[in-house]
Amino acid sequence: MRRPAAGTGHRRGPRRRPPRLRPQRDAATRLDALDTADLTTDLRAVFAASYGALPPQAAHLFRLLGTAPGPDISLPAAAALAGLATAQARPLLRLLDAAHLVREHQPGRYRMHDLLRLYAAERCRDVDGEPALAAAVQRLLDFCLRTAYTGDRLLDPQRPADPGPQPAPGPAHPLTDAAAALAWFDAEHSCLLAVQRRAEEHGWHLRVWQLAWATSSYHWQRGHLQAGFHTWQAGLAAAERLDDPAALAIAHRLLARSLTPLGRHPDAVTHLEQALALFEQGGAATDQAHTHQTLAWVWGQHGDDRRALAHATRALSLHRELGNTTWEADALNLAGWYSAKLGDHGQARTLSLQALVLYRRHGNRNGEAATLDSLGYVAFLSAAHPTALRHYRQALALFRELGNAAYAADTLAHLGETHEALGEHAAAEDAWRQALDLYRQQQRTREARCVEQQLAALRTPAIR
């Protein structure tokens, strides 16, 4: 444990589409830069002809789609943007697709050519006005928030609840389990980041913070470190404008967690100290315990295992005093991990087994997998390599089943080390190559460099 537990339209033939020109990003020039005296190249006139043939409701949806944040949009999100039921939006999107004004580039997902998007946004400002545009974006944002909150709870059921206001009631994308949540987050990730940026532009500070919160578990499990950092950087700036010390403290803590894998240890510690002070002022003992857990991990990443163990032990004491057995397991696992690093293998195994019992009791499968990885590490340090392999394989299977790519990468790296210790070089290389691929995808430069060095050493004959 190294990290705190925390249908396509029918095509009838080739379509003529607008030319592949790069859009003018400057709002002052927009489509005006494309007008010429030659009517055959006046794209605004071409677009206007298709737009003018639309029925009113389809024309309204077209205009709003030009203002939607993100590279594309799903059917349910488009319905939310327009304030329609999904069943109402579906035939309108088919009309727009048939008119070559949008393209269903994936089943149920729609995209506009950049120039069409500019034209639609112009028409929206001219016809509907800024208040209607802001209301549409708010509907889309709240749809994303409601779905993301549900998805976050499915990905991490034991996570402490957001202490602030919840998203307003309304439509959301239906999610039934963690796999569905991961699939939705994967499909909508770019759009969610764009929606948060749009909320920043409007000064909707609460929504900015809520989007950082609701995407946090997803970013952590998928290893989207840069995205996690940027969303919590925005979340902290938003919290500073809200009269909510708890939201501010949480933003400090979760920004610190995002900073650590990026190598910014001093900044992470500063944020955690600010978070701890705010939680102490508010008498929030459970949040103090969570902050000590994060401090344990941050100091451990910095190589100070003794200080890490002290914070993990403090978190464990607080959780036990409060009767928080759900989160007591996290502290037990952390304390076990750093006990192992400090050479107390017996204590490490005892603490990790206690954590495993609690995780299984509460159905926390990510925690269970993380503790199996910890037990593998304890066995590895004790030279019980076959036992270590068994624990690591169990952990890896669980992480893969849960879609937890970040933790799976770490366990693969540990598997490689164990195979290498057993002299099983081909198996070690295979595990390390899989870990390296994941680390590169996750932009985890430090971990990738370490595995690259291990692979290079494996290929270099020993000098005798």
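Throughout what follows, the structure given in this document is the object of discussion. (Residues numbered from 1 in each chain as written. Predicted model: local features only at pLDDT ≥ 70, side-chain atom pairs only at ≥ 80, totals over all residues. Heavy atoms only, no water.)

1. Here we look at the overall build of the protein
- Looking only at helices and strands, the protein features 20 helices and three strands.
- Seen along its three principal axes, the alpha-carbon backbone of the protein occupies a region of about 80 × 60 × 35 Å.
- Sorting the 464 residues of the protein into buried and exposed places 53% on the buried side.
- A total of about 20,500 Å² of accessible surface is found on the protein, and carbon and sulfur atoms cover 52% of it.
- Charged side chains of the protein number 52 positive and 47 negative; the gap between the two group centres comes to 5 Å. (Helix = DSSP H or I, 4+ residues; strand = E, 2+ residues; numbered from the N terminus. Buried < 20%, exposed > 50% of the residue type's maximum accessible area, 1.4 Å probe, protein only. Areas by Shrake-Rupley, 256 points an atom, 1.4 Å probe, with all protein chains shown as cover. Lys, Arg positive; Asp, Glu negative; His and termini not counted. Charge placed at Lys NZ, Arg CZ, Asp CG, Glu CD.)

2. Observations concerning the side chain of R146
- By the element assignment, R146 lies in helix α6 (residues 130–155).
- Beyond its immediate stretch of four places on either side in the chain, R146 contacts R139, P167, A168, P169, G170, P171 and A172. (Contact = heavy atoms within 4.5 Å.)

3. Points about the nonpolar core
- Core analysis: the biggest nonpolar cluster contains 140 residues, and F62, L65, L96, W209 and W232 have the highest contact counts within it.
- Among the elements that make up this core, the one with the highest residue count is α6 (12 residues). (Core = buried A, V, L, I, M, F, W, Y, C linked by side-chain atoms within 4.5 Å.)

4. Regarding the packing of aromatic side chains
- The final tally for this structure, using the stated rule, is 11 aromatic pairs.
- With a centroid separation of 5.2 Å and 70 degrees between ring planes, the pair formed by W184 and F185 is classed as edge-to-face.
- Given a relative accessible area of 5%, W184 falls into the buried group.
- F185 sits in the buried class, given a relative accessible area of 1%. (Phe/Tyr/Trp six-rings, centres within 6.5 Å; stacked < 30°, edge-to-face > 60°.)

5. Some thoughts on unusual backbone geometry
- One non-glycine residue with positive phi stands out, namely H100, at about 65 degrees.
- One can find H100 in the loop between α4 (86–98) and β2 (103–106).
- If you check the backbone angles, Q443 has positive phi at about 55 degrees while not being a glycine.

6. Thoughts on the state of the cysteines
- Applying the stated criterion across every chain, the model contains zero disulfides.
- Not part of a disulfide, C144 finds its nearest cysteine sulfur in C191, a span of 7.4 Å.
- Classification of C144 by relative accessible area gives buried; the value is 5%.
- On the basis of relative accessibility, which here comes to 5%, the residue C191 falls in the buried class. (Disulfide = S-S within 2.5 Å.)

7. Describing the environment of A435
- Assignment of secondary structure puts A435 in helix α19 (residues 425–441).
- Along the primary structure A435 and R63 are separated by 372 residues, whereas in three dimensions their C-alpha atoms are 45 Å apart.
- In this view, A435 contacts A409, L412 and A413; residues no more than four positions away in its chain are not counted.

8. Considering the side chain of R253
- For R253, the position within the fold is in helix α10 (residues 245–259).
- Note on R253: relative accessible area 8%, which makes it buried.
- Look past the residues within four positions of R253 in its chain and what remains in contact with it is L272, A275, F279, D287, H290, T291 and T294.

9. Observations regarding the environment of W432
- Following the sequence through the fold, W432 ends up in helix α19.
- Look past the residues within four positions of W432 in its chain and what remains in contact with it is L412, A413, G416, E417, E420, V451, Q454, L455 and L458.

10. Quick notes on the sheet that holds strand β3 (residues 109–111)
- Spatial strand order, β1-β3-β2: three strands in an open sheet with antiparallel pairing. Bordering the open sheet on either side are β1 (73–74) and β2, each of which pairs with just one other strand.
- Across two bridges, the pairing between β2 and β3 is antiparallel. Looking at β3, one finds that R103 is bridged to R111. (Pairing = 2+ DSSP bridges.)

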